[in-house]
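Reading the structure
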Amino acid sequence: SKQMNKVFKEWLMLLPWQNKSCPCPSCGEQAIDYRLIGDIDKNVGWAMIWCERCKVGIHVSRMQLPSNAKIYSFEEVEENENILPQYKINLVQP
């Protein structure tokens with residue numbers, strides 16, 4: 001539905017690596033966290049952005065990695081699953 005797309009777009013525009021205190025589009029709390037996982041050499045990867053309060057979030061499957069953020073390699077995530085949230089995120093669909 002169009003409504004869902006609007007919410008997904010709001011999530012997509014958060015860019016929490018630029019503004020960590022941005023409010024959650026779903027509940028309004030400033031509890032956003034994120035992980036960027038990818039190939040630093042190729043500058044491509046994926047992102048998980050979520051709210052620690054309401055447990056809603058998005059998965060961005062292919063994106064250019066921002067230069068000013070902490071990037072985890074695929075290997076790091078395989079070796080340490082605790083890098084990603086250990087609870088279920090209710091994903092907003094595009």
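Quick look at the structure, then. Bear in mind the structure is a predicted one, so any value in this text is a computation, not a measurement.

Regarding the packing of aromatic side chains
Per the stated rule, a full pass over the model turns up one aromatic pair. Residues W17 and Y34 carry aromatic rings whose centres are separated by 5.4 Å and whose planes lie at 70 degrees to one another, so their mutual orientation is edge-to-face. Of the two residues, W17 is situated in the loop between α1 (2–12) and β1 (32–39) and Y34 in strand β1; the sequence distance between them amounts to 17 residues. In terms of burial, W17 and Y34 fall into one category: buried. Above the ring of Y87, the side-chain terminus of K55 is found at 4.5 Å from the ring centroid.

Remarks on unusual backbone geometry
Even without being glycine, L15 reaches a positive phi, approximately 45 degrees. Mapped onto the elements, L15 comes out in the loop between α1 and β1. Taking the relative accessible area as the measure of exposure, L15 reaches 31% and is therefore partly exposed.

Describing the pattern of salt bridges
This model, assessed by the stated rule, comprises five salt bridges. Across the pair D33 and K20 runs a salt bridge, and its minimum N-O distance is 3.6 Å. With a gap of 13 residues between them, D33 in strand β1 and K20 in the loop between α1 and β1 connect regions that are remote in the sequence. Classification of D33 by relative accessible area gives buried; the value is 12%. When the shortest N-O distance is used, the salt bridge between R35 and D33 registers 3.2 Å. Like D33, R35 is buried. Taken together, the salt bridges that share partners define one network made up of K20, D33 and R35.

Notes on the side chain of D33
At 3.2 Å, the side chain of D33 and the side chain of R35 are in polar contact. Beyond its immediate chain neighbours, meaning those up to four positions away, D33 contacts K20, M48, I49, W50 and E52.

Things to note about the state of the cysteines
Taken as a whole and judged by the stated rule, the model has zero disulfides. Free cysteine: C22, not disulfide-bonded; nearest cysteine sulfur from C24 at 9.0 Å. Owing to a relative accessible area of 5%, C22 belongs among the buried residues under this scheme. Free of any disulfide, C24 has its nearest neighbouring cysteine sulfur in C54, separated by 3.8 Å. Of the residues examined, C24 reaches a relative accessible area of 4% and is grouped as buried.

About the cut-offs
Residues numbered from 1 in each chain as written. Predicted model: local features only at pLDDT ≥ 70, side-chain atom pairs only at ≥ 80, totals over all residues. Heavy atoms only, no water. Phe/Tyr/Trp six-rings, centres within 6.5 Å; stacked < 30°, edge-to-face > 60°. Helix = DSSP H or I, 4+ residues; strand = E, 2+ residues; numbered from the N terminus. Buried < 20%, exposed > 50% of the residue type's maximum accessible area, 1.4 Å probe, protein only. Lys NZ or Arg CZ within 6 Å of the ring centre and 35° of its normal. Salt bridge = Lys/Arg side-chain N within 4 Å of Asp/Glu carboxyl O. Polar contact = N/O pair within 3.5 Å; in protein donor to acceptor, adjacent residues only side chain to side chain. Contact = heavy atoms within 4.5 Å. Disulfide = S-S within 2.5 Å.

In short, geometric facts, not functional conclusions.
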